[in-house]
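Chain by chain, the residues:
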Amino acid sequence: MTAASVAEPELRQPRSKTELFTAFTWLALQGFGGVLAVAQRELVERLRWLNKEQFVELLSLSQVLPGPNIINLALMFGDRHFGWRGAVVATGGLLAAPLVIVLVLAALYAQFSSVPQVAGALRGMGAVAAGLVLSTALKLAPTLRRNAMGLWPSVAMMVVSAAAIGWLRWPLAWVVLGLGAAGYAWAWYRLSTTDSST
Amino acid sequence: MSAEFYGLHGLSWIDLLRLAGHFAVLSLLAVGGAITSASDMQRYLVVERGWIDPLQFNASIAIAQAAPGPNILFVALLGWSVAGPLGLLATMVGIMGPSSVLTFVIGRLRHARQDALPVRAFSVGLAPLTIGLLIATGWVLALPSRDHPFALLLVPATALFMLKTARSPLWMIAVGALVGALGGA
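Remember, it's a predicted structure, so these values are computed and weren't measured experimentally.

Reading the values: the criteria
Residues numbered from 1 in each chain as written. Chains lettered and ligands numbered in written order. Predicted model: local features only at pLDDT ≥ 70, side-chain atom pairs only at ≥ 80, totals over all residues. Heavy atoms only, no water. Patch = residues over 30% accessible without salt bridge, like charges linked within 9 Å, V, L, I, M, F, W, Y side chains within 5 Å. Areas by Shrake-Rupley, 256 points an atom, 1.4 Å probe, with all protein chains shown as cover. Salt bridge = Lys/Arg side-chain N within 4 Å of Asp/Glu carboxyl O. Helix = DSSP H or I, 4+ residues; strand = E, 2+ residues; numbered from the N terminus. Contact = heavy atoms within 4.5 Å. Buried area = accessible area lost by both parts, 1.4 Å probe. Polar contact = N/O pair within 3.5 Å; in protein donor to acceptor, adjacent residues only side chain to side chain. Nonpolar A, V, L, I, M, F, W, Y, C, P; charged D, E, K, R; others polar. Buried < 20%, exposed > 50% of the residue type's maximum accessible area, 1.4 Å probe, protein only. Axes fitted to C-alpha atoms, helices over the stretch in contact; angles between N-to-C directions. Parallel < 35°, antiparallel > 145°, perpendicular 65-115°, else oblique. Left-handed = near helix turned anticlockwise from the far one by under 90°.

### Section: a nonpolar patch on the surface
A grouping of A:Val100, A:Ile101, A:Val104, A:Leu105, A:Leu108, A:Phe112 and A:Val115 is seen on the molecular surface, where their side chains present a nonpolar patch of about 550 Å² in accessible area. Inspection of the secondary structure assignment puts A:Leu108 in helix α4 (residues 69–112).

Dropping the structure here:
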C-alpha cells in the first residue's frame, strides 16, 4: 500500500448500542496487560469508528483526566454516539465479561490457596506484577528530560513522591494535593514564561 | 451460597461507606490510572484497617494482571476480598464514580482544549508525581517477596524483560507462577 495514492478510508459509525457493547467487550477480552494498544487497533484500524487524529485527541483528554484512560475513552466515545446510555454501554462492555473472568480466577485461587504450590505461584506472580509496574515507571522516566519544569525539579518531585507514598506511607491525598499543587503552579509559571518569550 | 456470602463479612454499614468513600477520593487523585494509587489502597486496607493481608492484596493485583480486560479490575477483587459482592460494589462505585462523572462532563464541554495552558500545566506538573507513584506501587508490591530471594530476582528480571523485548507481559507472569509453584518464591 502506498500511503500517498490511497485516500483515507471512509469512517464508519456504530450502528446500535448492541454493536457498541460487543465491540468494547471484544477489545477488552483481547487486552492482556492493558487494553489501550488493542483499542487503537480495533477502533481505528478494524472498525474505522475513529481516525488516528480523533483517537489521539480522545486519548490525550482521557490521560489528563483522573480515572483509567481506557474507561474514560470508552465513556466519551459512547457518549458522542448514543448520549449517556452509550457511555454506560461502552463502559459496561469493557468491564462485564472481564469481571466475570477475574472473579472466577479469584474463586479458584481462594479454593486452592492453601495448596503451597498455588500460594507460591501467586507470590511469584505478585513479584512479576511489581516488576511490571516498575518497568512502566522506567519507560516514562526519560520523558522528564523534556519536562517544561526542568530536569532537577522534576526528578526531585518524582523521588519525594515515591518516598512519601512507598516508604513513609503517607496518605495519597496529602501527597497529591500538596506536591501536585506545587508542581501545577510551577509548571504553569514555566509554561507561561516560555509561551510569552516565543 | 450462604447469606453471609452476600452480607457484610464482619464490616458495619459505616465501614462499607468508608470503604467506598476512600476509593471515591482516590478516584479523583489517581492521575495516571488506578495502579498509581495501589500503594495507598494497600496502606488503607492492609496497614490502617487490617481488612486483608499483604499476600491477599498482591494476589488481587496478580490475578487482574493475568486476566484480560482493564487493569482496574484489581479494585473489584480488592473489594471482593474485603466484603464479597457488597465490597466489590463499594470499591468499584467508589473508584469509577467521581472520575467518570468528571470525564462525562468534560467530554461534553468540547472547549476542553488540550493545548490550553491550564490543561498543559496539569499534565506537565503532574508527570513526575505519576512516575513517583508508580515507583511507590512497585516498591509496595515487591515487599512481600523480600524474604524470598528468587521472587525478589523476578522483580528486576521482569522490568528488564519489559524494557528489552516487545513480548507480552503474560510470558513473565507465567514464569513467575512457575518459579513460585516450584517453591522458589
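Continuing now.
### A look at the side chain of B:Thr36
Counting through the fold element by element, B:Thr36 comes out in the loop between α2 (13–29) and α3 (38–48). Among all residues touching B:Thr36, those that are not within four sequence positions of it are B:Ala30, B:Val31, B:Thr130, B:Leu133, B:Leu134 and B:Thr137.

### Things to note about the interface of chain A and chain B
Counting residues at the interface gives 89 residues for chain A, matched by 91 residues for chain B. Among the residues of chain A in contact with chain B, A:Arg123, A:Arg169 and A:Leu172 are the three that bury the most area, contributing 9% of the side total. B:Arg108 serves as the salt-bridge partner of A:Asp79, at 2.7 Å between the closest nitrogen and oxygen. The interface formed by chain A and chain B includes ten residue pairs in polar contact (both at pLDDT 80 or more). Where the side of chain A that touches chain B is concerned, the elements lending two or more residues are α1 (17–30), α3 (52–64), α4, α5 (116–140), α6 (151–167) and α7 (172–197) of chain A. For the side of chain A that touches chain B, the leading source of residues is α5(A), giving 22 residues. In terms of residue class, the side of chain A that touches chain B is made up of 59 nonpolar, 23 polar and seven charged.

### Points about the environment of B:Leu16
All names here are of chain B. In this structure, leucine 16 sits in helix α2. Judged by its relative accessible area of 7%, leucine 16 falls in the buried class. C-alpha of leucine 16 to C-alpha of glycine 79: the two residues are 63 residues apart in sequence and 9.7 Å apart in space. Once residues lying within four places of it in the same chain are set aside, the contact partners of leucine 16 are Leu8, Leu11, Ala83, Leu86, Gly87 and Ala90.

### Brief notes about the pattern of salt bridges
Evaluation of the coordinates by the stated rule reveals six salt bridges over all chains. As a salt-bridge pair, A:Glu19 and A:Arg15 come within 3.2 Å of each other at their nearest N and O atoms. For A:Arg15, a relative accessible area of 71% translates into the label exposed. A salt bridge links B:Arg18 to B:Asp15; its shortest N-O distance comes to 3.5 Å. Remark: B:Asp15 and B:Arg18 occur in helix α2; sequence separation between them is three residues, near one turn of the helix. The class for B:Arg18 is partly exposed, based on a relative accessible area of 40%. Relative accessible area serves as the criterion here: at 15%, B:Asp15 is assigned to the buried category. Connected via shared salt-bridge partners are B:Asp40, B:Arg43 and B:Glu48.

### Brief notes about the packing of α5(A) against helix α8 (residues 170–181) of chain B
In the contact formed by α5(A) and α8(B), the axes pass within 6 Å of each other and the chain directions differ by 140°. Regarding the angle of α5(A) to α8(B), the classification is oblique. Remark: the crossing between α5(A) and α8(B) carries right-handed chirality. Along the contact surface, α5(A) presents A:Gln117, A:Gly120, A:Ala121, A:Gly124, A:Met125, A:Val128 and A:Leu132, while α8(B) presents B:Met172, B:Ile173, B:Gly176, B:Ala177, B:Gly180 and B:Ala181. In terms of residue class, the contact of α5(A) with α8(B) is made up of eight nonpolar, five polar and no charged.

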